[in-house]
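Survey of secondary and tertiary structure
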Amino acid sequence: MGGSAPSVIPGAEVTDPGPRTAPARVRADIAHNARVWNYWLGGADHYPVDRVVGDRVTGLYPSIGEVARADRAFLGRVVRHLAGDAGIGQFLDIGTGLPSADNTHEVAQHTAPDARVVYVDNDPTVLAHARSLLSSSPEGATEYVDADARDPRRILSAAEGTLDLRRPVAVMMLGILNFVLDTDEARSIVRTLMDALPSGSHLVLTHPTLELGGEGNEEAMAFWNKNATPPITARSRTEFASFLDGLDILEPGIVSCSRWRAPAVARNPEVAQFGAVGRKP
């Protein structure tokens, strides 16, 4: 999460990123969250340093891979619900990360072909893979905005090229507010986004915690903050709940993201990652 100026990359006009070498702004000598997360999910878009740090974090906190997979599965369940039962046709996915299986636009447009999705990230590696995120159903639309999550007003301005902000929007912030270390700033980002959107809009959040059996993650996070970027913080249930102030929290409330509306037969193990969905009244 750097501070580059946002730019919208329309799907029809995205330029060829060329050979898959490290983009100019990418540092291949320090682990980066988007790439390490990709490594934990079994992807191929990472460098040796990401694997070294990822393995060390896994050694300190062996369930981190389960957290990554649970977060991804949560995304799928939430988007299917919002695009289907809730009738939400617009998604603003902030902190996109590298393309993986079942990206937001793929899940949304499978359920509602005319869904419109804007991805937001400012990791240059993600930018280099933007073409994969810009595929879309003929009826819908998918765009990518190169922007910092700490600048919600610029995100909203850029998203207006694709989304109608007078109609309900689902704001997706999965594992992103944990990189905003100041809790007041994180709340301000959420408030700015949700204040700009109409009734019926939704906020989707996941966030790591040292609760839910996550106490062992404290040492892993300290190691991460010394050896990788961007720095991360865990938050308590009370702090996490404050991001949802003023919203109606959908059932089952604030839970481990692995347990949010998961099929009863799945018996998903609880992971130390809060998940919740709020609806603006």
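See the structure printed just above.
Values in this document were obtained by computation on a predicted structure and should not be read as measured data. (Residues numbered from 1 in each chain as written. Predicted model: local features only at pLDDT ≥ 70, side-chain atom pairs only at ≥ 80, totals over all residues. Heavy atoms only, no water.)

Looking at the overall build of the chain
Selection rule: Each helix is a run of DSSP H or I of at least 4 residues and each strand a run of E of at least 2, with the numbering of both proceeding from the N terminus. Burial here depends on accessible area, computed with a 1.4 Å probe over protein chains only, as a share of the maximum for the residue type. Under 20% is buried, over 50% is exposed, and the range in between is partly exposed. Only the protein chains shown count as cover for residues, and all accessible areas are computed by the Shrake-Rupley method using a 1.4 Å probe.
Across its full length, the chain holds ten helices and eleven strands. Looking at the chain as a whole, 55% of its 281 residues are labelled buried. For the chain, the computed accessible surface area is about 12,100 Å², with 50% contributed by carbon and sulfur atoms.

Concerning the environment of Thr192
Going by this rule: Residue contacts follow a heavy-atom distance rule, with two residues in contact if any of their heavy atoms lie within 4.5 Å.
Mapping Thr192 onto the fold places it in helix α8 (residues 183-195). Residue Thr192 is classed as buried on the basis of its relative accessible area of 16%. Counting along the chain gives 39 residues from Thr192 to Arg153, while the straight-line C-alpha distance between them is 7.2 Å. If we skip the residues at most four places from it in the chain, Thr192 touches Pro152, Arg153 and Leu156.

Considerations on the pattern of salt bridges
How we decide: Here, a salt bridge means any Lys or Arg side-chain nitrogen found within 4 Å of an Asp or Glu carboxyl oxygen.
For the coordinates displayed, the defined rule picks out five salt bridges. Among the salt bridges present, the one from Arg154 reaches Asp151, with a minimum N-O distance of 3.5 Å. Exposure remark for Asp151: the relative accessible area of 25% places this residue in the partly exposed category. Linking Arg166 and Asp164 is a salt bridge whose minimum nitrogen-to-oxygen distance equals 2.9 Å.

Digging into helix α9 (residues 217-227)
Filter applied, for reference: In this description, one arc is meant: the one made by directions from the helix axis to the C-beta atoms.
Inspection of α9 places Asn217, Ala220, Met221, Phe223 and Trp224 among the buried residues, and these make up the whole buried set. Down the axis of α9, the sector holding all buried residues measures 160°, keeping them to one side. Exposed residues pointing more than 90 degrees away from the buried face of α9 are listed as Glu218, Glu219 and Lys226. Looking at the buried residues of α9, the elements they touch are β2 (31-32), α1 (33-40), α2 (48-60), β7 (202-208) and β8 (228-229).

A word on unusual backbone geometry
What is expected of a backbone is that most residues other than glycine have negative phi and most peptide bonds are trans. For the bond running from Thr229 to Pro230, omega is -10°, close enough to zero to count as cis. Inspection of the secondary structure puts Pro230 in the loop between β8 and α10 (237-242). Across the junction of Glu251 and Pro252, the peptide omega takes the value 10°, indicating a cis bond. By the element assignment, Pro252 lies in the loop between β9 (248-249) and β10 (255-256). Of note in this structure, Leu212 is not a glycine but carries a positive phi near 55°. Within the secondary structure, Leu212 is located in the loop between β7 and α9.

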